Amino acid sequence: MLALLSFAMLIVSLDQYIVVVALPDIARDLGYSAQTLQSVISAYAVASAGFLLFGGRAADLLGRRRILATGLALYAGAACVGGLATGPGVLLASRAFQGLGGALVFPTTLALINTSFAEGRSRNRALGIWGGSGAAGLVIGVLLGGLLTQVFGWEAVFFVNVVLAGPALLLAFVVVPRDGEREKGRTFDLPGALSISLGVTLIVFALVQGPGSGWSSPGILMSAAAGLLLIAAFAVIERRSSDPLMPPVLLSNPNLITGVVIAFMFMATFGSVLYFLSVYFQEVLGYDPLQTGVGFLIPTAVVVAGSTTAGQLVTRFGLRGTLAAALAVGAVGAVALGLAISPNGRYIDLVPGLVALGIGDGVVFTAMFIAAATGISDRQQGIASGIASTGSGAGAAVGLAVLVLVATAGLDGLSGEQLRTATANGIRTALFVVAGGIGLTFLVTLTRCPTRPEPVPVPVPYQTRRC
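Residues numbered from 1 in each chain as written. Predicted model: local features only at pLDDT ≥ 70, side-chain atom pairs only at ≥ 80, totals over all residues. Heavy atoms only, no water.

In the predicted model, the protein chain carries a mean pLDDT of 84, and the fraction of residues at 70 or more is 93%. Within the protein chain, no element has a lower average pLDDT than helix H17 (residues 462-466), which sits at 40, and none a higher one than helix H4 (residues 64-83), at 93. Long-range and interchain partners of residues 452-467, a stretch whose pLDDT sits below 50, account for seven contacts in this model, where long-range means more than four residues apart. (pLDDT = per-residue confidence, 0-100. Helix = DSSP H or I, 4+ residues; strand = E, 2+ residues; numbered from the N terminus. Contact = heavy atoms within 4.5 Å.)

Membership of the largest hydrophobic core comes to 128 residues, with the highest contact counts inside it found for Leu91, Trp130, Phe276 and Tyr280. At 15 residues, helix H11 (residues 254-284) tops the list of elements feeding residues into this core. Once you skip the residues sitting within four places of it in the chain, Tyr280 turns out to touch Leu285, Ala340, Ile341, Ser342, Gly345, Leu350, Ala424 and Ile427. (Core = buried A, V, L, I, M, F, W, Y, C linked by side-chain atoms within 4.5 Å. Buried < 20%, exposed > 50% of the residue type's maximum accessible area, 1.4 Å probe, protein only.)

Okay, the layout of surface pockets next. The volume enclosed by the second largest pocket comes to roughly 390 Å³. As for the second largest pocket, its lining consists of 19 residues, and the residues nearest its centre are Ile196, Val200, Val260, Thr390 and Gly391. Of all the secondary-structure elements, those providing two or more residues to the lining of the second largest pocket are helix H8 (190-213), helix H9 (218-240), H11 and helix H15 (381-408). Partitioning the lining of the second largest pocket into residue classes produces 17 nonpolar, two polar and no charged. (1 Å grid on protein atoms, 1.4 Å probe; cavity = no way out; pocket = protein on both sides within 12 Å on 5 of 7 lines; lining within 4 Å. Points joined across faces, edges and corners; volume = space filled by probe spheres on them. Nonpolar A, V, L, I, M, F, W, Y, C, P; charged D, E, K, R; others polar.)

With that settled, consider a nonpolar patch on the surface. Residues Leu147, Val151, Phe152, Leu290, Val294 and Leu297 make up a contiguous nonpolar surface patch of roughly 550 Å² in combined accessible area. Those elements that provide at least two residues to the nonpolar patch are helix H6 (121-152) and helix H12 (289-294). Examining the composition of the nonpolar patch, we find that three residues originate from one element, H6, more than from any other. With respect to the helices and strands, the residue Val294 is situated in helix H12. (Patch = residues over 30% accessible without salt bridge, like charges linked within 9 Å, V, L, I, M, F, W, Y side chains within 5 Å. Areas by Shrake-Rupley, 256 points an atom, 1.4 Å probe, with all protein chains shown as cover. Salt bridge = Lys/Arg side-chain N within 4 Å of Asp/Glu carboxyl O.)

What follows deals with helix H13 (residues 297-340). Its 44 residues place the ends of H13 only 18 Å apart at the C-alpha level, less than the 64 Å of an ideal helix rising 1.5 Å per residue. The largest bend along H13 measures about 120° and falls at Gly318. (Expected span 1.5 Å × (residues − 1). Bend = angle between axes of the 7 residues up to and from the residue.)

Let's shift gears to the pattern of salt bridges. Inspection of the entire model under this criterion finds seven salt bridges. Ionic pairing is found between Asp60 and Arg64, a salt bridge with its closest N-O pair at 2.6 Å. The class of Asp60 is buried, set by a relative accessible area of 15%. On the accessibility criterion, Arg64 (15% relative accessible area) is buried. Two residues, Glu119 and Arg123, come together in a salt bridge whose shortest N-O distance is 3.6 Å. Of the residues examined, Glu119 reaches a relative accessible area of 28% and is grouped as partly exposed. The class of Arg123 is buried, set by a relative accessible area of 5%. A network of salt bridges, in which partner residues are shared, links Asp25, Arg28 and Asp29.

With that out of the way, let us pick up empty space enclosed by the protein. Under the criterion given, the structure shown has three cavities of 30 Å³ or more. Counted as a void, the largest cavity has a volume near 140 Å³. For the largest cavity, the lining is made up of 17 residues, of which Gln16, Phe106, Met267, Ser392 and Gly393 are closest to its centre. Elements that contribute at least two residues to the lining of the largest cavity include exactly helix H1 (2-17), helix H3 (39-62), helix H14 (347-373) and H15. Looking at the lining of the largest cavity, its residues break down into eleven nonpolar, six polar and no charged.

Another aspect to go through is H11. Taking 1.5 Å of rise per residue, the 31 residues of H11 would be expected to cover 45 Å, and the 44 Å separating its terminal C-alpha atoms lies within 8% of that figure. Largest kink in H11: about 35°, centred on Phe266. Of all 31 residues that make up H11, 25 are buried, and the element is covered over most of its length. Looking one or two residues beyond H11, the residue adopting positive phi is Gly286, at roughly 80°.

Applying the stated criterion across every chain, the model contains 14 aromatic pairs. Seen from their ring centres, Trp130 and Phe369 are 5.3 Å apart, and the 85° between their planes marks the pair as edge-to-face. Separated by 239 residues along the polypeptide, Trp130 in helix H6 and Phe369 in helix H14 bring together distant segments of the chain. On the basis of relative accessible area, Trp130 is assigned to the buried category, the value being 0%. (Phe/Tyr/Trp six-rings, centres within 6.5 Å; stacked < 30°, edge-to-face > 60°.)

Attention now moves to the packing of H11 against H13. In the contact formed by H11 and H13, the axes pass within 13 Å of each other and the chain directions differ by 25°. Classified by the interaxial angle, the pair formed by H11 and H13 is roughly parallel. Crossing hand, H11 versus H13: left-handed. Together, Ile262, Phe270, Val273, Leu277 and Tyr280 of H11 and Leu323, Leu327, Gly330, Leu337 and Ala340 of H13 make up the contact between the two elements. Residues that form the contact of H11 with H13 fall into these classes: nine nonpolar, one polar and no charged. (Axes fitted to C-alpha atoms, helices over the stretch in contact; angles between N-to-C directions. Parallel < 35°, antiparallel > 145°, perpendicular 65-115°, else oblique. Left-handed = near helix turned anticlockwise from the far one by under 90°.)

Next comes the structure, spelled out in structure tokens:
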């Protein structure tokens, strides 16, 4: 079951960046501009971020095997439509539905692991394998995307998800235990689920599109206002609900809150680097899609190693020490990578930064989910996983939007050698911003260290105390 859940996590993570290498070909065939091309990635991130809480609640209430299978089916179907797309509208819609499928799969796999392995060494090792698959998927996606795009064209980066998700869907009914009867007295809290899902979607959409469309544009203002109103409505609904979607006890868990903050910052920083490296390899150094994919072999190996060993590191050194050390190494790696970026740079100059950044990437990815799951009861692992993964999904969308704005500032009107030089300089600046964001995450780790909560003492009967 752990192998299947890790494979499902790899599929979901892989698709976030498998299209990165294919973006130039997609832009040429479907008519995207430099400013709108990132929407191919953001459409997935926005839809995923908005419905992760919904997916986590559904897993707790309706059955984790059912939701895992539903998510994989939706994921595969949307990927098939994306491969057949002939225009940007169809492609963006398919990416959004893939994000919805991922929003069901991501928290469900995490909840299944957290409920199948006891908290501590056993769960940490399992999450290390699961996290290694997820972190590796982000990088393997770029490698596989380059190979498929070079050999079969950009459509193949969508069809491969059908090939991967199909067998996983069938195995889910064989490997994952059958769902038990629905717990009596629990409700789906549909008003709460819909209000928070739509609210988060609209807020993330406004943050993603704001830099390009203008913060004062009517569409952005209306989206942000509607999102805030829906989130306010969610707060009112939750106070009146007998079985709230987000129980207050979860929000009082410091480990979960810290895990969410770190997950947001992680995806906004580490998670955005792959996009810029792909652009640098292709637009500045002139690599073809296959060469670009090969360029990610080294970070792939480092990320997998970091993620799979993170659980053991947490068990031995604790969350604070493990996270702080990994973030420090990652920040140094981002600075080194930024310094190595230049219009006439060489791949060998990037290796030290790629290795250091990969170590931080792999270890933090696993450790932040260990933090978020600590002290959570089995019956609430689904929604807790949804909360943590919502933080990572929102961070991916917001971080990429802000960093693209930083990297592309001043590119309008340029062409030829001037454009190539300005692109390299913009990516260098974006990497320095990434290093600053990792530094802020380091400070959060030191000030809000996720620790194992003290056990709540069990009241002793009066007669026993008297004796």
